[in-house]
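# Descriptive structure summary
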Amino acid sequence: MRPKRVGAVVFCLLLTFSYLVVGNSFGQKDSLVLEAEQRWDTYGCGGTCIYGGHNFAVADVDGDGVKEMITGGGSYNYMENGSKTPGYAPLKIWSWNGQNVTLEKNESWTGNLYGIYAGDADGDGKTEILTSGRMVNSTGSFSSLRIWTWDGESLVLRANYEGVAVGSVITIGVDSDGKPEIITVGFTFRNEQFVTQLSIWHFDGSILTLARNVVHDSLARTSSVCTCDLNNDGVTEIVTAGYANALTNSSGQLSVWKWDGKALSLMATKEWRLIDGYALNSAGNTQGNTKVSTVKAADVDGDGALEIVTSGFTYDGTTVEGQLRIWNWSEGDVNLEKSQEWQNLDITEHTSMSIDDVDRDGKKEIITSGYTVGYGSFEVNATDKSRAELRVWSWDGNTLTLKLSEDWMEGESVSAWNVGSGDVDNDGVVEILTVGCTQIGNLLDCDPNLRVWSIESEASAYFADPALAVIGLILVVLVVVVVAFLWARRKSQKS
């Protein structure tokens, strides 16, 4: 073999092994990039808080092929005499073109908004906006579920139903007739205690009808609901989550229901907490022991089966920890796969969640947001004020990995109550969107701060798997030695 040919062979082998082994050991270092921030019209002259974990939706609601951001919450403005306007519900539709955040539509009424969802509520192939909260008029204050359409120019109220408690809403077909149904959860005060209502609705495009309303546990308060076909039988299950018992001895609660179009039946339920006892919140009131703030279902480990994911908080006897749990459905029951707790300041709670492929690796990540705050920090001159938290997790069926995290302070204190995800500027990259409540003056003045995030990947010169890299280098050396030996042997035979 000629020297030049030997050199070419060795070089090719080096490149091959470098790509297959060493190249795989070099990774991509991801980072969260803040692309934009948007304040509200009440900044400095009133206040808006987008509380809870379901007051935000990301969807294409006008049919233009680009996703919008829809926010709710509660607002007020200061009058010239120093008084405040009555509280009102600020329904806003935003867009992001990669450079500017634009308020496309602003609608308000006396009351507030607890939850926002976007989906096809009547099966016409178009996306409606669903809002839940309260409305106030001359006759009193009422729970309200509303359905809207937005075509890019006109926001039209299609239906309104008052008097049924609604907190979190979702739209999906859940029985065998193939028609969408709206499922809501909320709680109301009855017989001197709070009770949870699970309701199922029909919307035909103009009339909203309550099909079923169930008080399913007088000792529980449900915070979130989602729907999915857990066992691949073609029937959609309803999954609810929140907490059981009073806050002073609360347990996290997860329940799975079946709706056949006529009857609603409980298939399974789980309750949990780490220890007994309860914590106080930053204002000195009862925080509780364990609570689920958000529940969603998706295939987060790529095994082809849906997992149930819950996020919220739990009490460890000293501090309140954030808690993320992953469950599966097997043999008619929910089974815990992973429970992850973490803490920052005295109280850490993640109130909202989105599941999406946000780093373009072909796998779905779990995105959670919330806050961390110190005990007693509600006082004016206290330290350890609330900071916002954003976390991006991945689950492969065995290991839960915290891929990215971001904490930030805005004003005097801030909470990232809500998180969503979607490609909102049509650039092929899924953005992460956070919005919540920012304290900018005294304890009564707060305002949202809508943030648009993206994940950027940069080549990083580190070994993601040192053991694999060492093996690769050893193999390369062995190949070089063998080729050199064969070359020397051939040369000696010729001589």
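Residues numbered from 1 in each chain as written. Predicted model: local features only at pLDDT ≥ 70, side-chain atom pairs only at ≥ 80, totals over all residues. Heavy atoms only, no water.

### Quick word on the environment of I440
The condition is simple: Starting at the N terminus, helices and strands are each numbered in turn, a helix being any DSSP run of H or I of at least four residues and a strand any DSSP run of E of at least two. In this description, contact between two residues means that some pair of their heavy atoms is separated by no more than 4.5 Å.
One can find I440 in the loop between β30 (431-439) and β31 (446-447). In this structure, the C-alpha to C-alpha distance between I440 and S413, residues 27 residues apart in sequence, is 7.6 Å. When near neighbours in sequence (up to four residues on either side) are disregarded, I440 contacts Y43, G44, E412, D445, C446 and D447.

### Considerations on the packing of aromatic side chains
Keep this limit in mind: Aromatic pairing here means that ring centres of Phe, Tyr or Trp (its six-membered ring) are within 6.5 Å. Orientation follows from the plane angle: under 30 degrees is stacked, over 60 is edge-to-face, and everything else is tilted. In this scheme, a residue with accessible area under 20% of its type's maximum is buried, one over 50% is exposed, and one in between is partly exposed, where area comes from a 1.4 Å probe on protein chains only. Criterion for a charge above a ring: Lys NZ or Arg CZ within 6 Å of the ring centre, and within 35 degrees of the ring normal.
Scanning the model with the defined rule gives eight aromatic pairs in all. Judged by centre distance (5.0 Å) and plane angle (50°), the ring pair of W342 and W393 falls under tilted. Of this pair, W342 sits in strand β24 (residues 333-342) while W393 is found in strand β27 (residues 387-395), placing the two residues 51 residues apart along the sequence. Note on Y371 and W417: the rings are 5.5 Å apart at their centroids and 55° apart in plane angle, and the pair reads as tilted. Within this pair, whereas Y371 is found in strand β26 (residues 365-373), its partner W417 is found in strand β29 (residues 413-422), the two being separated by 46 residues in sequence. With a relative accessible area of 21%, W417 lands in the partly exposed category. We note K84 situated over the ring of Y76; from NZ or CZ to the ring centre the distance is 4.4 Å. It is R146 that lies over the ring of W109; its NZ or CZ is 4.6 Å from the centre.

### What to know about the sheet that holds strand β16 (residues 237-244)
To keep it simple, the criterion reads: Whether two strands pair depends on DSSP finding at least two bridges between them. Axis definition: a line fitted to C-alpha atoms, limited for helices to the stretch in contact. Angles are taken between N-to-C directions and run from 0 to 180 degrees.
In space, the four strands of this open sheet follow the order β15-β16-β17-β18, with antiparallel pairing throughout. Looking at which strands have only one partner, the edges of the open sheet turn out to be β15 (220-228) and β18 (264-272). Taken over all neighbouring pairs, the strand axes of this sheet differ in orientation by 20° on average, direction set aside. Bridge analysis of β15 against β16 gives eight bridges, and the strand direction is antiparallel. Looking at the pairing, T222 lines up with G242 of β16.

### A look at the side chain of S282
If you trace the backbone, S282 turns up in the loop between β19 (279-280) and β20 (286-288). Note on S282: relative accessible area 18%, which makes it buried. Setting aside residues up to four positions removed in sequence, S282 forms contacts with I347, V373, G374, G376, S377 and F378.

### Examining the pattern of salt bridges
Here is the rule we go by: Should a side-chain nitrogen of Lys or Arg be within 4 Å of a carboxyl oxygen of Asp or Glu, the pair is scored as a salt bridge.
Counted under the stated rule, the structure contains 12 salt bridges. As a salt-bridge pair, D361 and K403 come within 3.2 Å of each other at their nearest N and O atoms. With D361 in the loop between β25 (347-356) and β26 and K403 in strand β28 (residues 400-408), this residue pair connects regions lying 42 residues apart in the sequence. Looking at K403, the relative accessible area reads 28%, which means it is partly exposed. D407 is paired through a salt bridge with R391; the nearest N and O atoms lie 2.7 Å apart. In this pair, D407 sits in strand β28 while R391 sits in strand β27, placing the two residues 16 residues apart along the sequence. Here the salt bridges share partners, and the residues they tie into one network are E37, R39, E410 and R451.

### Some points on the pairing of β16
Counting buried residues in β16 gives eight out of eight residues, a clear majority hidden from the surface. Counting the residues that bridge the hairpin from β16 to strand β17 (residues 251-259) gives six residues, and of these N245 lies at a positive phi of roughly 75°.

### Structural notes on the pairing of β30
Across the nine residues that make up β30, a large majority, nine, are buried. Bridge count for β29 against β30 is eight bridges, and the pairing is antiparallel. Each bridged residue has a counterpart across the sheet, and for G422 the counterpart in β30 is E431. Across two bridges, β30 lies against β31 in antiparallel orientation. Residue pairing across strands places Q439 opposite C446, the latter belonging to β31.

### A closer look at the confidence of the model for the chain
The line we're drawing: Predictor confidence is given residue by residue as pLDDT, running from a minimum of 0 to a maximum of 100.
On average, residues of the chain carry a pLDDT of 87, and 84% of them reach 70 or more. Low pLDDT (under 50) marks residues 8-26, which in the prediction has 27 contacts with non-local residues, meaning those over four places away or in another chain. Note that residues 460-465 has pLDDT below 50 and, in this model, 15 contacts with residues that lie over four places away or in other chains.

### Concerning the nonpolar core
This is how it is decided: Joining through side-chain atoms within 4.5 Å is the link that ties buried Ala, Val, Leu, Ile, Met, Phe, Trp, Tyr and Cys residues into a set, and such a set is a nonpolar core.
Grouped together as the largest cluster of nonpolar side chains are 27 residues, with contacts concentrated most on I183, I238, V239, L254, L264 and I308. Mapped onto this core, the elements with two or more residues apiece are β12 (181-190), β13 (193-203), β15, β16, β17, β18, β21 (290-298) and β23 (320-330). Among the elements that make up this core, the one with the highest residue count is β17 (four residues). The residues touching L264, leaving out its near neighbours within four places in the chain, are L198, I200, V214, I238, W257, K258 and W259. One finds A59, L113, A118 and I129 within the second-largest nonpolar core, a separate group that totals 16 residues.

### Overview of the layout of surface pockets
Quick reminder of the rule: Grid points spaced at 1 Å and placed over the protein atoms alone form the basis of the search, with a cavity being a set where a 1.4 Å probe fits but cannot get out and a pocket an open set showing protein on both sides within 12 Å along at least five of seven lines. Lining residues have an atom within 4 Å of a point. Grid points are joined across faces, edges and corners, and a volume is the space filled by probe spheres set on the points. The nonpolar class holds Ala, Val, Leu, Ile, Met, Phe, Trp, Tyr, Cys and Pro. Asp, Glu, Lys and Arg form the charged class, and all remaining residues, Gly among them, are polar.
The space that makes up the second largest pocket amounts to roughly 800 Å³. As for the second largest pocket, its lining consists of 34 residues, of which Y117, I170, K296, M353 and S354 are closest to the centre. Of all elements in the fold, only β3 (56-59), β7 (101-119), β11 (168-172), β15, β21, β25 and β29 reach the threshold of two or more residues within the lining of the second largest pocket. Looking at the lining of the second largest pocket residue by residue, the class counts come to 18 nonpolar, 13 polar and three charged.

### Let's talk about the environment of P86
Here P86 is to be found in the loop between β5 (74-77) and β6 (88-96). Sequence separation between P86 and T110 is 24 residues; the distance between their C-alpha atoms is 6.9 Å.

### What to know about the environment of V300
Structurally, V300 can be placed in the loop between β21 and β22 (307-315). Residue classification places V300 among the buried residues on the basis of a relative accessible area of 3%. Considered as a pair, V300 and I326 are 26 residues apart in the sequence and their alpha carbons are 9.1 Å apart. Not counting chain neighbours up to four residues away, the residues in contact with V300 comprise E307, V309, I355, K364, I366 and W395.

### Focus on the side chain of S394
Tracing the chain through its elements places S394 in strand β27. Setting aside residues up to four positions removed in sequence, S394 forms contacts with T399, L400, T401 and K403.

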